[in-house]
Every structure is written in C-alpha cells, then in structure tokens.
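# Survey of secondary and tertiary structure
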Amino acid sequence: MRRTALAVVAAAVVAVPLLSTDYGVYLANTLLVSGVLAIGLDILLGLAGQFAFAHIAFFGIGVYATGLLTNRFSLTFPLPLLVGATLATGVALLIAIPALRLRQVYLALTTYAFAAVAQWVFHSWDAVTSGANGLRMSPTVLFRWHLIDDRDAYPLLVVIGLVMVGARALLENSRLGLAMKAVHESEPVALASGIDARRTKIVAFGISGCYAGIAGGMLPLFTSYIHPDTLGLETLVGILTMVVVGGLGSTWGVLAGVVVMGLLPELLRDLQVLRELVYGAVLMLAVMFMPRGIAGLAHRSAS
Amino acid sequence: MSVALELQGVEVRFGGLRAVAGLDLHVRTGTIHALIGPNGAGKSTALNSISRFVTPVRGDILFEGRSILRFGPHRMAGLGIARAFQNLELCGRLSVLENVLVGLAAVPSRGRGADRAAAMELLDRIGLADEARVPAERLPFGRQKQLDLARALASRPRLLLLDEPAAGLRNRDIRALDAMLLDLCRRDGVTILLVEHVMSLVMSVADRITVLNHGEKISEGSAAEIRTDPRVIAAYLGRAADVAA
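The model shown is predicted, which means the values in this text are computed figures rather than measured ones. (Residues numbered from 1 in each chain as written. Chains lettered and ligands numbered in written order. Predicted model: local features only at pLDDT ≥ 70, side-chain atom pairs only at ≥ 80, totals over all residues. Heavy atoms only, no water.)

This part is about the overall build of chain A. Regarding its fold elements, chain A presents 14 helices and four strands. Taken over C-alpha atoms, the radius of gyration comes to 19 Å for chain A, in line with the 19 Å a tight globule of 303 residues would show. Across its three principal directions, the C-alpha atoms of chain A cover 55 × 40 × 40 Å. Burial statistics for chain A: of 303 residues in total, 49% are counted as buried. Counting contacts in chain A only where the partners sit at least 6 residues apart, residues at least 24 apart contribute 77% of the total. If you sum the accessible surface of chain A, you get close to 14,700 Å²; carbon and sulfur atoms cover 71% of it. Charge-centre separation for chain A: the mean point of 18 positive side chains lies 11 Å from the mean point of 15 negative side chains. (Helix = DSSP H or I, 4+ residues; strand = E, 2+ residues; numbered from the N terminus. Rg over C-alpha atoms; globule rule 2.2 N^0.38 Å. Buried < 20%, exposed > 50% of the residue type's maximum accessible area, 1.4 Å probe, protein only. Contact = heavy atoms within 4.5 Å. Areas by Shrake-Rupley, 256 points an atom, 1.4 Å probe, with all protein chains shown as cover. Lys, Arg positive; Asp, Glu negative; His and termini not counted. Charge placed at Lys NZ, Arg CZ, Asp CG, Glu CD.)

Glancing now at the sheet that holds strand S1 (residues 3–14) of chain B. Residue and element names in this part refer to chain B. Strand order across the open sheet formed by four strands is S2-S1-S4-S5, with antiparallel pairing between neighbours. Of all the strands in the sheet, just strand S2 (17–28) and strand S5 (66–67) have a single pairing partner and so form its edges. As defined by bridge partners, S1 adjoins strand S4 (residues 58–63) across five bridges and the pair is classed as antiparallel. Paired with Leu 5 across the strands is Phe 63, a residue of S4. Contacting S1, S2 and S4, helix H1 (residues 43–50) crosses the sheet at an angle of about 115 degrees to S1. (Pairing = 2+ DSSP bridges. Axes fitted to C-alpha atoms, helices over the stretch in contact; angles between N-to-C directions.)

Residue and element names in this part refer to chain B. Within the secondary structure layout, Ser 95 lies in the loop between strand S6 (81–83) and helix H3 (96–103). What makes Ser 95 buried here is its relative accessible area of 14%. A polar atom in the side chain of Ser 95 sits 3.0 Å from the backbone nitrogen of Glu 98. (Polar contact = N/O pair within 3.5 Å; in protein donor to acceptor, adjacent residues only side chain to side chain.)

Each partner contributes to the interface: chain B provides 25 residues, whereas chain A provides 17 residues. Summed over both partners, the interface of chain B with chain A comes to about 1,900 Å²; 59% of that surface belongs to carbon and sulfur atoms. Of all residues in chain B, His 74, Arg 93 and Val 102 of chain B bury the most surface against chain A, accounting for 29% of the area lost on that side. Here chain B is connected to chain A by three salt bridges. For Arg 175 of chain A, the salt bridge identified is with Asp 115 of chain B, shortest N-O distance 3.3 Å. Across the chain B-chain A interface, the total number found is 12 residue pairs in polar contact (both at pLDDT 80 or more). Listing elements by their share of the side of chain B that touches chain A, those giving two or more residues are H3 and helix H4 (112–125) of chain B. Looking at the side of chain B that touches chain A, the element that brings in the most residues is H3 of chain B, giving four residues. In terms of residue class, the side of chain B that touches chain A is made up of 14 nonpolar, four polar and seven charged. (Buried area = accessible area lost by both parts, 1.4 Å probe. Salt bridge = Lys/Arg side-chain N within 4 Å of Asp/Glu carboxyl O. Nonpolar A, V, L, I, M, F, W, Y, C, P; charged D, E, K, R; others polar.)

As a further point, take the packing of helix H2 (residues 22–47) of chain A against helix H7 (residues 150–172) of chain A. When two helices pack together, their arrangement is captured by the angle between the axes and the distance separating the axes. Residues and elements named next belong to chain A. At their nearest, the axes of H2 and H7 sit 10 Å apart, and the two run at 20 degrees to each other. Classified by the interaxial angle, the pair formed by H2 and H7 is roughly parallel. In this structure, H2 meets H7 at a crossing whose hand is left-handed. Listed contacts from H7 to Asp 22, Val 25, Tyr 26, Ala 28, Asn 29, Leu 32, Val 36, Ile 39, Asp 42, Ile 43 and Leu 47 of H2 are Asp 150, Arg 151, Ala 153, Tyr 154, Leu 157, Val 158, Gly 161, Met 164, Val 165, Arg 168 and Leu 171. Counted by class, the contact of H2 with H7 contains 15 nonpolar, two polar and five charged residues. (Parallel < 35°, antiparallel > 145°, perpendicular 65-115°, else oblique. Left-handed = near helix turned anticlockwise from the far one by under 90°.)

Another aspect to go through is the confidence of the model for chain A. When pLDDT is averaged along chain A, the result is 91, and 99% of the positions lie at 70 or above. Here helix H14 (residues 293–302) of chain A stands out as the least confident element of chain A, with mean pLDDT 80; helix H10 (residues 197–218) of chain A is the most confident, with 97. (pLDDT = per-residue confidence, 0-100.)

This paragraph deals with the pattern of salt bridges. All names here are of chain B. Within this structure, the stated rule accounts for 24 salt bridges over all chains. Between Arg 58 and Glu 11 there is a salt bridge, with the nearest N and O atoms lying 3.3 Å from each other. Placement of the pair is Arg 58 in strand S4 and Glu 11 in strand S1, with a sequence separation of 47 residues. Classification of Glu 11 by relative accessible area gives buried; the value is 5%. Its salt-bridge partner being Arg 170, residue Asp 173 comes within 3.4 Å of it at the nearest N-O pair. The exposure class assigned to Arg 170 is exposed, which follows from its relative accessible area of 54%.

See the structure below:
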C-alpha cells in the first residue's frame, strides 16, 4: 500500500517535466514551494501544537533575502537561499522568545501582528525591497549557468523538497520530535518528565521559520517578480488550509492537502465567479466531515 | 538514617489563601512516607511545591541536602525526582509506548533501540506490553493511572511523588498498587512520598505518616500512632472511622 503510493508519487514527479505544458511545470513548482511552507507550518501547529502565524513573514524574508543577494552580488545558488534561510531562522527565534510567553489565541494574534508588520516593511522599505513596486529578481545563478525557465528550476526544487520531507521524517522519530509531541499533548507531563517545554517550543518555532525561509528561497528559482501584496493574510490562510485539510501532524496528509487545495482553484477555473464559493464549500465540508483531514480519512479506511 | 527530602518552613500562598503554612517535613531515604489530611489540607500543593510546579513564598526545600528551589520543574526528573499526577494527565493521543519514552527524556539516550527496549521492559513490569501501540487515551481508567506511574518510573527516580495513585481504582487494582509500591521501595530503594485518601493503602504501606489540616502539620508518626491521635480524629470529624479502618 505504502510502496504503491510512493511509486505513484515518484512516477508523477518524473512525468511532470516530460508530459506537462509549461504552465503545468510552473504549477508543480508552486506546489513544491507550498509543500515546504506547509510542512514547516505543520511542525509548529501539528507537531508542537503552537498556534502561531508569523510563518508568512519568514517566507517573505527568505524571498527578499535570496532575490536581493542574487540581484546585487550574483551569488551562486544555493548561497542566497542558505543566507535567507539562516536569516529567517534567526528572526523566528527572536520572535519566539517573547511570543511564546503567550498561548492559544493570544499567541495567534501576536504572531499574526508580526506578520502584518513584516508585510508593511516589505511594502515601505523602498531602498531595499523597492516597496510597492515589487521586486524584479534576476535569474538564479548556478555556477556558470543561469536558470531561465520553470523546467530548469524543477529538478532543483524537487531535490530541496525531498530533503525537507526527509528532515521532517528524521525530526518525527527523534527525541526532539517526541518532546514536541509531548509539549503539544500535556505540558505538565512534559515538564515532569524533564522536557524544557519553553525551549522545545522555541526550537520548533526556529525550525518552522527555517522551512519558511527555505521555501522563500525556492521561489526566485522560477519566479522573476515578488510583490509584497502576495505576502499577506490570503497566502497564509491558503497554506493553513492545506495543512488543516491534509491533516495536522501528518507529513503525508499535509502533502496531500497541498496537492488537493493547490490544484482545486485550477479545476474550478471555468466556474469563474462561483469559484470562490465552491472553494469555500469544499473547505467547510472538509473541516466538518474530515476532522483529522485527508490523513485521518486514509487512516480510517485502512483500519 | 539519611534524609532524602527536607522541607523547612515551606509556605505556599494562592492570593490570600495560605495553602501550605510553614510546613516542616523529613522524608527518610528508602521509606514510604504518606501525607494525609482532609480535602483542602494542602497535601497536593505541598507535593506540587516539591515537584516545582508551584513556588513557595517562604521556606526551603532540600533534596539529598541541596536546595532545589532555584530549579524549574523540568529539572526535577534529571535530579532524580519524578512525579505522577492526581487527575489523568497523559499524552493521550500518543501511544502507550511513546508515553513511557517521554518519561525517558531526562535520561541520556543510549540509542533508539535501547530506549525502546527499556520502555518495553517497564511496560512488561506493569502488564501493559500488549497495549504498547494503543493510544493512551483508549486505555481504561486504571490502566491510564498505571501508565502515568510507568512514565514517572522511566527516569529511574530516587524520589517518587505520588498524588492519589489509588483514586478511582477498584479494590483489586489497589492491592496490586500496594504490592508495587512496597516492591519499588524495598527492592529498588526508591523513596516514596504519597498523598492518598484511600486509608487502607496508606495504613498498609506507609512507614511514616504526616497529617495536614489547613496547611499545617497536626500530627506525625507511624500508622498505629496516627490512628489513636485525638487531633487527627478531630480533624477528620465524622470521618474518624476512615482513619481507624
């Protein structure tokens, strides 16, 4: 069962650049970015149980840092991406220290406020981000080559995606991953067992920010333009929807959520005005009838 | 005989309420010491101050001779103090095995395989090995309490704090608990501080009993001494029969 699923996924990954149109490859690239973003958000929400929503800000930091380093210094890949990811991780850790004094809805609001401030900075810091005009990003440099189109970028994005999924699996099975789950389930039990709940949450925040930063660094590989308007609530909710519909805490579930909710707008494109309505209805039905998402549904039908 | 745990004039306040009022307590190494008293006497609060979930406003708490007040609750397991919880407090959606693995957090890992083997050994001892993969929340009540105990024991504590381990258990399970506590103490040398309402358990396992009322110690001694102490009987009022049982 699991083997078959893996084989299907592998076949799809290989088939995309061979069989698909340019637009199809572009779509696959955006799904890969969303996948890394969603897995990262799920580490904080699904694994450690912290409802924090600054994720989109760390993504933005990754995009701008990578784009600007490529523009100004023509640094070769993956240097700009690594610098961007480090920066995003650092900012995430700095935010986590004060924010994690708060819980639940207060944590959610405070971290969202940070994301709003970050968006305002992307919008207003003209000298660096070129503000409301958006930023044109030069093609990625890979040693002597320049990555011009979506097909050039696709294999690199797949490799990054695989590494990030692998890292998530390692985390799941590590003591740190178990500590995150324990903090999620019961903080008293975690504390009494010798787990530093606060440090565990801060580390989860940092790792989550790192994923967002890397996802941000993936975007300039196939996109030549970023506008701060795309780094707001709408994108955040989009990613959150993928995580929830897929199933909090399950990597495969989240990835399925990314594919389903990522492709749904494409399938509904001909419906025009009705599109938003149907998207909303699918989301509502999913939350009502699949409380643990696609992962929960798969689990139930298997047992 | 050495003292494992010493409380010196410990006072805990919740707003205007003095939950624990200047408590002195000596728990000798390798003994089972029970803390009893009517509801609201401050027993659980005293236990919570030792496991550092609450902080006293006055007094000091020493474990094996050194003060533990400057450490947070997550440091206790590493120092050798483990606790179980009064109300069911487990990682409900994690498996039985994972719950015990959480209890191993304070012990340096000897690798994934060795950690799992150690956890399975503990589950075997309390008879939960067959349910290792079941989510903890699916176990019956009594089994969940046993699992909490197993989680606490995973860190190989020298001092075990138990908050009403017998509450809600059937008589058969209480007898098993009785045997297990004696075994832990006599065979493994674990010092146990027990808060408990079930007097039959207290009377049969406790080497020494401290009685609290309104946050103060009103009596201390062996089971035989406590049973006949008029202050204890007065504190329990109509429940004197319980103490005599």
